[in-house]
Amino acid sequence: MFKAYVTEQSEGKPHTTLQEIDQARLPDGDVLVAIAYSSLNYKDGLALTGKGKIARSFPMVFGIDFAGTVVESSNTAYNVGDQVLLTGWGVGERHWGGFAQYARVKAEWLVPLPVGLSLQQAMALGTAGFTAMLAVLTLEAHGLKPGEREVLVTGASGGVGSVAVALLARNGYNVTASTGKSHEYLQALGARQILERAAVVTPATKPLEAERWSGVVDTVGGDTLASVLRSTVVHGSVAACGNAGGVALNTTVLPFILRGINLLGIDSVMCPREQREIAWQRLAHDLSAATLDQMVEVIPFAELPARAAEIVEGKIQGRIVVDVNA
């Protein structure tokens, strides 16, 4: 028996309770993992509060990532005692996820814990850190290099934004952070300039604005994404990886055909394994334990529902790690 937050649906409404359940209820998979830590992401908050239709079926255990130790394996890729992590692949949406003390999953969804990271540090990064790293790698692959030109991170106080600021600063970029929260927090992570989020959104009266951003990690979407496209430099790139500000994109073709701007979509859910391993190795190399400590709060399992409501309301700064055994 083990503890899990199980969400069931009755009369069209989801209800989540902390339950003691048997391992026999876990879905199929060839690796059983004893979970040490999960993390709370915006998508998890939408799922647990019922404010987003995340689950594809019920009952469901939410939690789109976790880190832990293999306790059973019928796949030669992993042995008992191996430390592993998982992000994406529909876990916590279509397949039971990380808000539990055990998970049974497919071996190909797992990534070996990189040397230099603890299980807790892996979830201090989690899906948010992995997404941020993919965004930075993609921008670099499209020509972004350190220099005096500003690189913008929108929604910078959130999980993805915090890690993106830290990663870019660590690699010598001139980081401007857009936020509605603490400036001191982002300056400590390496941001050189701080902008209030409203200052980034410009009226859609002109198809192009003065060139400013050599690259952008956009976690917001909506009007924010449309605005930064108008002010990105010639042949600059924007990595889009969030929609907290809306899914509609009101823009024109002019940033693309007159400035050659690249709009790069970041998919952290179905990302191929090879890219996952590259991203996680880079995360382990680029971010120190001290940097991770600045952006993370570890909470006991019982606090998860309350903090889920807070992340949806925009009250969370940085990363929340969930100790499922505390």
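Conventions we followed
- Residues numbered from 1 in each chain as written.
- Predicted model: local features only at pLDDT ≥ 70, side-chain atom pairs only at ≥ 80, totals over all residues.
- Heavy atoms only, no water.
- Buried < 20%, exposed > 50% of the residue type's maximum accessible area, 1.4 Å probe, protein only.
- Helix = DSSP H or I, 4+ residues; strand = E, 2+ residues; numbered from the N terminus.
- Pairing = 2+ DSSP bridges.
- Right-handed = clockwise from strand over helix to strand, strands pointing away.
- Axes fitted to C-alpha atoms, helices over the stretch in contact; angles between N-to-C directions.
- Contact = heavy atoms within 4.5 Å.
- Core = buried A, V, L, I, M, F, W, Y, C linked by side-chain atoms within 4.5 Å.
- Phe/Tyr/Trp six-rings, centres within 6.5 Å; stacked < 30°, edge-to-face > 60°.

Just checking my understanding: could you explain the pairing of strand E15 (residues 319–323) for this structure?
Consecutive side chains of a regular strand alternate in pointing toward one face of the sheet and then the other. Judged by how many residues are buried, E15 sits mostly within the fold: 5 of 5 residues are covered. Here E15 shows no split at all, with Arg319, Val321 and Asp323 on one side and Ile320 and Val322 on the other all buried. Sheet topology places strand E3 (residues 31–40) next to E15; 4 bridges connect them, and they run antiparallel. Bridge assignment links Tyr37 to a residue of E15, and that residue is Asp323. Pairing analysis gives 5 bridges linking strand E14 (residues 296–300) to E15, with the strands arranged parallel. Bridging from a neighbouring strand, Ile299 pairs with Val322 of E15. Taken together, E14, helix H10 (residues 304–312) and E15 form a β-α-β motif whose crossover is right-handed.

Would you mind going over the sheet that holds strand E11 (residues 213–218) with me for this structure?
Whether parallel or antiparallel, the strands of a sheet pair through hydrogen bonds between backbone atoms. Pairing is parallel in the open sheet, where 6 strands are placed in the order E10-E9-E8-E11-E12-E13. Every other strand in the sheet has two partners, leaving strand E10 (193–196) and strand E13 (262–265) as the edge strands with one partner each. On average, adjacent strands in this sheet sit at an angle of 20° to one another, irrespective of strand direction. Two strands pair when backbone bridges link them, and strand E12 (residues 232–240) and E13 are joined in this way by 4 bridges, in the parallel orientation. Bridge assignment links Ser237 to a residue of E13, and that residue is Asn262. The sheet contacts of helix H2 (residues 119–141) involve E11, E12 and E13, and relative to E12 the element is tilted by about 155°. Packing against the sheet, helix H6 (residues 222–230) makes contact with strand E8 (150–153), E11, E12 and E13, and its axis sits at approximately 155° to E12.

What's the story with the nonpolar core in this structure? I'm lost.
In summary, soluble globular proteins display a tendency toward joint burial of nonpolar side chains. With 53 residues, the main nonpolar core has Val165 and Leu186 as its most contacted residues. Only E3, H2, E8, helix H3 (159–170), strand E9 (174–179), helix H4 (183–189), helix H8 (273–286) and helix H9 (289–295) provide two or more residues apiece to this core. At 13 residues, H2 tops the list of elements feeding residues into this core. Ignoring sequence-local partners within four residues, the contact set of Val165 consists of Val153, Ala156, Val175, Ala177, Leu186, Leu189, Gly190 and Ala191. Within the second largest apolar cluster, 44 residues are counted, among which are Val33, Met60, Trp109 and Ile316.

Help me out: how do you make sense of the packing of aromatic side chains in this one?
Each aromatic ring pair is specified by the distance between its two centres and by the angle formed by the two planes. If you walk through the whole model with that rule in mind, you get 3 aromatic pairs. With a centroid separation of 4.8 Å and 85° between ring planes, the pair formed by Tyr5 and Phe301 is classed as edge-to-face. Taken together, the residues Tyr5 in strand E1 (residues 2–10) and Phe301 in the loop between E14 and H10 connect sequence positions 296 residues apart. We classify Tyr5 as buried; its relative accessible area is 6%. Residue class for Phe301 comes out buried when judged on its relative accessible area of 2%. The interplanar angle of 5° and the centroid separation of 6.1 Å between the aromatic rings of Phe130 and Trp280 together place this pair among those described as stacked. With a gap of 150 residues between them, Phe130 in helix H2 and Trp280 in helix H8 connect regions that are remote in the sequence. Under the relative-accessibility criterion, Phe130 is labelled buried at 0%.

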